[in-house]
Amino acid sequence: ENVNAQNLGGQYIPSDAIVVGEVKVAETLAAPAAEMYPIEIFDALSKQNLGVGVEALQKVRFVVAAPGPGEPQFAAMLFSSMPLQIEKLSGELVDLESPSEIGGHECYPIVDAPGVVLHQANPKTLVIASQGYLSAVLRAGEPSSPPGALAELANDTPVSGNATILAAVTPIRPMAMGMVQ
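Attention here is on the structure that accompanies the text. (Residues numbered from 1 in each chain as written. Predicted model: local features only at pLDDT ≥ 70, side-chain atom pairs only at ≥ 80, totals over all residues. Heavy atoms only, no water.)

Next up on the list: the packing of aromatic side chains. All chains considered together, the criterion is met by one aromatic pair. Ring centres 6.0 Å apart and planes at 55° place the aromatic pair Tyr12 and Phe79 in the tilted group. Residue Tyr12 is found in the loop between strand E1 (6–7) and strand E2 (17–23), and its partner Phe79 is found in strand E4 (residues 74–80); the two are separated by 67 residues along the sequence. An identical accessibility class is assigned to Tyr12 and Phe79; each is buried. Positioned above the aromatic ring of Phe79 is the side chain of Lys59, whose terminal nitrogen or guanidinium carbon lies 5.0 Å from the ring centre. (Phe/Tyr/Trp six-rings, centres within 6.5 Å; stacked < 30°, edge-to-face > 60°. Helix = DSSP H or I, 4+ residues; strand = E, 2+ residues; numbered from the N terminus. Buried < 20%, exposed > 50% of the residue type's maximum accessible area, 1.4 Å probe, protein only. Lys NZ or Arg CZ within 6 Å of the ring centre and 35° of its normal.)

Pasting the structure below:
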């Protein structure tokens, strides 16, 4: 057991989330095995689309909600070590000319992805989410937010690798039990 391992943490994991995954970008690219990766290509794409080099990208986290009657609900959070500037994002990725507001949060549509928006949660964090899930994800990012089953699991799960995926069945147990009967 790695006593220096940090826990994954429940930030930005809504109570109805059933899957969370996280990739530590900076640590992955700093690993000796990454010497074989085409890091220059990743760096150029990062600068072109995000306005910062790949060395600034700390981690990417994604969450997926329990299935429901509507469209799939999901989000991805990009955490950077440097401030990210919305105006430097690629116009091929984000429609900067068509801002909107969801739950009091300024958002920009993702190009060629209807119903998916980008929001800057803080200077170093971007959230890309389905429109109907953005508010829940941002509420789950608040320290005072009560954790759901998956967030509690993430709070107690130490990570020592560069990628982690957790799943919780508690949010979908009633649906699954109804299908079994």
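What follows concerns unusual backbone geometry. Residue Tyr12 is not a glycine yet carries a positive backbone phi of 65°. We note that Asp112 has phi near 60°; this positive angle belongs to a residue other than glycine.

Take Asp43: it is sitting in helix H2 (residues 39–50). Side-chain polar atoms of Asp43 contact the backbone nitrogen of Val54, separated by 2.8 Å. Beyond its immediate chain neighbours, meaning those up to four positions away, Asp43 contacts Gly53, Val54 and Glu55. (Polar contact = N/O pair within 3.5 Å; in protein donor to acceptor, adjacent residues only side chain to side chain. Contact = heavy atoms within 4.5 Å.)

Taken as a whole and assessed by the stated rule, the structure comprises three salt bridges. Ionic pairing is found between Arg61 and Glu22, a salt bridge with its closest N-O pair at 2.8 Å. With Arg61 in strand E3 (residues 57–65) and Glu22 in strand E2, this pair connects stretches of sequence that are 39 residues apart. The closest approach of N and O atoms between Asp43 and Lys47, which form a salt bridge, is 3.1 Å. Remark: Lys47 and Asp43 occur in helix H2; sequence separation between them is four residues, near one turn of the helix. Among the residues examined, Asp43 registers a relative accessible area of 16% and is labelled buried. One network of salt bridges, in which partners are shared, links Glu22, Lys59 and Arg61. (Salt bridge = Lys/Arg side-chain N within 4 Å of Asp/Glu carboxyl O.)

It is characteristic of soluble globular proteins that their nonpolar side chains tend to be buried jointly. Membership of the largest hydrophobic core comes to 26 residues, with the highest contact counts inside it found for Ile13, Val63, Met77, Tyr133, Leu134 and Val137. Every element with two or more residues in this core is listed here: E2, E3, E4, strand E8 (125–130), helix H3 (134–140) and helix H4 (149–155). Not counting chain neighbours up to four residues away, the residues in contact with Met77 comprise Tyr12, Lys59, Val60, Arg61, Val63, Leu126, Val127 and Val137. Core analysis: the second largest hydrophobic core is formed by 17 residues, Leu29, Leu50, Leu84 and Leu126 among them. (Core = buried A, V, L, I, M, F, W, Y, C linked by side-chain atoms within 4.5 Å.)

The next subject is the sheet that holds strand E6 (residues 105–109). Two orientations exist for strands paired in a sheet by backbone hydrogen bonds: parallel and antiparallel. Strand order across the open sheet formed by eight strands is E5-E6-E7-E8-E4-E3-E2-E10, with antiparallel pairing between neighbours. Each edge of the sheet is formed by a strand with only one pairing partner; in this case those strands are strand E5 (100–102) and strand E10 (163–167). Adjacent strand axes in the sheet meet at a mean angle of 25°, parallel and antiparallel pairs treated alike. Two strands pair when backbone bridges link them, and strand E7 (residues 116–122) and E8 are joined in this way by six bridges, in the antiparallel orientation. (Pairing = 2+ DSSP bridges. Axes fitted to C-alpha atoms, helices over the stretch in contact; angles between N-to-C directions.)

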